[in-house]
Amino acid sequence: MLDEVLSKELKSDEIQSMNEQDVEKVVSTFKRLRYKYKDKIHDAEIKVYSEIADSLFEMRLIKAIEGKEIKESFDSWQNEAMGKMRELYVNYLTGAYVTVNGKIFCEVKSDLSVDGITLTQGDYVMLSVKRAFSLWLAGYVEPCLIASMK
């Protein structure tokens, strides 16, 4: 299955759809293989399929970076992640965010605890770029744009 999908992915400019049921069948097959066998032959087989899965990920990621949309696929979440990563990167480097010493000023959108401090919706916090990205992706914060501060 993975080799078939990779082959289709390589032949097309568009991202191929992979439905959750088919992916779950593949995952289930490999889980059974991992649980049932522990020898050099099966380890080599798993290694080959891991390399195929890695190549498939890279192909789909490259297409997502190029702006191709993943529709109705088990990994359609890549669109959101790549879009937000691109937006944060561009806005940070072009000075669109409120920043101090490499940290981004963010509005808290959902209650959370950061470094033992409880923050509630509507609070503001300074976060490293990495933490701001991960919390923004998870829906906990929103980086503040300079334009929105006027």
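Scroll up a little and you will see the structure.
Residues numbered from 1 in each chain as written. Predicted model: local features only at pLDDT ≥ 70, side-chain atom pairs only at ≥ 80, totals over all residues. Heavy atoms only, no water.

K.L.:
Whenever I open this one, the overall build of the protein chain confuses me. Can you help?
P.N.:
Scanning the protein chain from terminus to terminus reveals 5 helices and 6 strands. In the protein chain, the order of α-helices and β-strands from amino to carboxyl end is α-α-α-α-β-β-β-β-β-α-β. A compact globule built from 150 residues should have a C-alpha radius of gyration of about 15 Å, whereas the protein chain, at 20 Å, is more than 25% larger. In the protein chain, which comprises 150 residues, the proportion classed as buried is 29%. Put simply, 57% of the contacts in the protein chain that link residues at least 6 apart link residues at least 24 apart. Put simply, the protein chain shows about 10200 Å² of open surface, and 54% of that area lies on carbon and sulfur atoms. (Helix = DSSP H or I, 4+ residues; strand = E, 2+ residues; numbered from the N terminus. Rg over C-alpha atoms; globule rule 2.2 N^0.38 Å. Buried < 20%, exposed > 50% of the residue type's maximum accessible area, 1.4 Å probe, protein only. Contact = heavy atoms within 4.5 Å. Areas by Shrake-Rupley, 256 points an atom, 1.4 Å probe, with all protein chains shown as cover.)

K.L.:
For this particular structure, what's the right way to read the nonpolar core?
P.N.:
One broad rule of soluble globular proteins: the nonpolar side chains tend to lie buried together. Within the largest apolar cluster, 15 residues are counted, with the highest numbers of intra-cluster contacts made by C106 and L127. Sorting the residues of this core by element identifies β2 (103–108), β3 (112–114), β5 (124–128) and α5 (129–137) as the ones contributing at least two each. Here this core takes 4 residues from α5, the largest share from any one element. When neighbours within four sequence positions are excluded, L127 is seen to be in contact with K103, I104, C106, V114, A132, L135 and V141. (Core = buried A, V, L, I, M, F, W, Y, C linked by side-chain atoms within 4.5 Å.)

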